[in-house]
Amino acid sequence: MAYVSIKNHKHGALNPLAQWYQKYGNLKVENILNSRMIADPLTLLDCCPFSDGAAAVVICAADIARRYTDEPVYILGTGQGSGGALARLEDFTKAASRISSARMAFKNAGLSPKDIDILELHDCFTSAEIIALECMGFFDWGEAADATEDGQTDLGGKIPTNMSGGLIGKGHPIGATGASQACMIVEQMKGAAPKGNQIDPVPEIGMTDTLGGDFGTLGHIILGRSRRSK
Amino acid sequence: MVEREQTEIREHYVLTSADYEKGLKEGKLLGLRCKDCKQITCPPMIVCQRCGSKELEKTELSGEGELMTFTVIRIPPEDYEAPYIVCLVKTKEGPWIIGRLDYDTEKMSPKLLGKKVSFKDVYTHADKYSGGEHVCPVFEISQ
């Protein structure tokens, strides 16, 4: 879990739009483990901040997108899921709402996790990033923590995740977080992300994962630089 | 006004959250049994939490269960006193329910997972921002 915080703070510190811009960019495992305990086993640096922030997206029909921009980004697939109270989900490391929402988005786009070049997911806590990676199918159950330590979710890894800093490093302006995830993927696709956060070559396909109310509401969007072929 | 709302709610719910909280205060853990799939729903809902059926009847749970997971809240919401333990209990009858655990916060350890617990008491507290008191079951380790 500490490696999620190290990675997301590293990228948040490089993002001028982040709440923690130029802060906490060089954390060590001990810093996270020794920070103030909030609710066992989550320390202060395992938790995202609550932030002031705003984000906006302009959406139009794909057929007319080129009237407005030379570099449109297309919505290839979306998924949505809902669930009841957290305590009713017998195993909340395998939230049914997130699994079905992610599957719906992949099916809608005709894609699978291996097609995704970049991911922005809802890392409200470090444990949440690990759970999300597994529920969405990027790693097998129980493998995302080791994969994170191994750098597979960082720049140059199997699936660069939260290169904006995510909720932990960029901040969590609750209502604006979902739109800001889409903005961060579009920025990556334009090659306009800050040095150290930009993936190279620019990503063709990206995905967002947004959550509300303890797995009560889940949404996934798959974005692409090219329109889907039918 | 409140009474009318309560009457309207009762037309749809076999067991309301007010009934459930009253039960807790009387030392009873109330739930619903589904006439279709036989599963227990607790805390109450308008439909069976397993199959969605509305054919429900009131039942009382034993209050016995198993400690599945917990956390020690060190930094509480405003108006609450920390530290305290929040636990998730798998009841003998099936449903998983959330509550507090009455135990020494400094002695909590993952070694306690799987221990038998039983419904002991009720915690009620009205915080600054809530419309009414917050009522939740308190468990103790019974083995």
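All values derive from a computational prediction rather than experimental measurement.

With that settled, consider the sheet that holds strand S3 (residues 56–61) of chain B. Residues and elements named next belong to chain B. Strand order across the open sheet formed by three strands is S2-S1-S3, with antiparallel pairing between neighbours. Looking at strand neighbours, the two that pair on one side only are strand S2 (40–41) and S3, the edges of this open sheet. Of the strand pairs in this sheet, strand S1 (residues 29–34) and S2 are connected by two bridges, and their pairing is antiparallel. By the bridge assignment, leucine 32 is partnered in S2 with threonine 41.

To continue, consider the nonpolar core. It is characteristic of soluble globular proteins that their nonpolar side chains tend to be buried jointly. Grouped together as the largest cluster of nonpolar side chains are 27 residues, with contacts concentrated most on Ile116, Leu119, Phe138, Met207 and Ile222 of chain A. Those elements that provide at least two residues to this core are strand S3 (74–82), helix H3 (96–109), helix H4 (126–135), helix H5 (144–149), helix H6 (166–169) and strand S5 (205–212) of chain A. When neighbours within four sequence positions are excluded, leucine 119 of chain A is seen to be in contact with Leu133, Met136, Phe138, Ile159, Pro160, Thr161, Asn162, Ile185 and Met207 of chain A. Val89, Ile97, Phe119 and Val135 of chain B belong to the second largest nonpolar core, which has 22 residues in total.

Opposite the nine residues of chain A that make contact, chain B presents 18 residues. Summing the contributions of chain A and of chain B, the shared interface buries around 1,100 Å²; its carbon and sulfur component is 53%. Our count for the chain A to chain B interface comes out at one salt bridge. Note that aspartate 40 of chain A and arginine 74 of chain B form a salt bridge whose closest N and O atoms lie 3.1 Å from each other. Across the chain A-chain B interface, the total number found is five residue pairs in polar contact (both at pLDDT 80 or more). Residue classes in the side of chain A that touches chain B are distributed as five nonpolar, no polar and four charged.

This brings us to the sheet that holds strand S4 (residues 118–120) of chain A. Residue and element names in this part refer to chain A. Pairing is mixed across the open sheet formed by four strands, whose spatial order is S3-S6-S5-S4. Unpaired on one side and paired on the other, S3 and S4 mark the two borders of the sheet. Neighbour-to-neighbour, the strand axes of this sheet turn through a mean angle of 15 degrees, independent of strand direction. One ladder, built from eight bridges, connects S5 with strand S6 (residues 217–224); its direction is antiparallel. Opposite threonine 210, over in S6, you have glycine 219 as the bridge partner. In the packing of helix H7 (residues 177–189) onto the sheet, the strands contacted are S4, S5 and S6, and the crossing angle to S5 comes to about 165 degrees.

Definitions and limits used
Residues numbered from 1 in each chain as written. Chains lettered and ligands numbered in written order. Predicted model: local features only at pLDDT ≥ 70, side-chain atom pairs only at ≥ 80, totals over all residues. Heavy atoms only, no water. Pairing = 2+ DSSP bridges. Helix = DSSP H or I, 4+ residues; strand = E, 2+ residues; numbered from the N terminus. Core = buried A, V, L, I, M, F, W, Y, C linked by side-chain atoms within 4.5 Å. Buried < 20%, exposed > 50% of the residue type's maximum accessible area, 1.4 Å probe, protein only. Contact = heavy atoms within 4.5 Å. Buried area = accessible area lost by both parts, 1.4 Å probe. Salt bridge = Lys/Arg side-chain N within 4 Å of Asp/Glu carboxyl O. Polar contact = N/O pair within 3.5 Å; in protein donor to acceptor, adjacent residues only side chain to side chain. Nonpolar A, V, L, I, M, F, W, Y, C, P; charged D, E, K, R; others polar. Axes fitted to C-alpha atoms, helices over the stretch in contact; angles between N-to-C directions.

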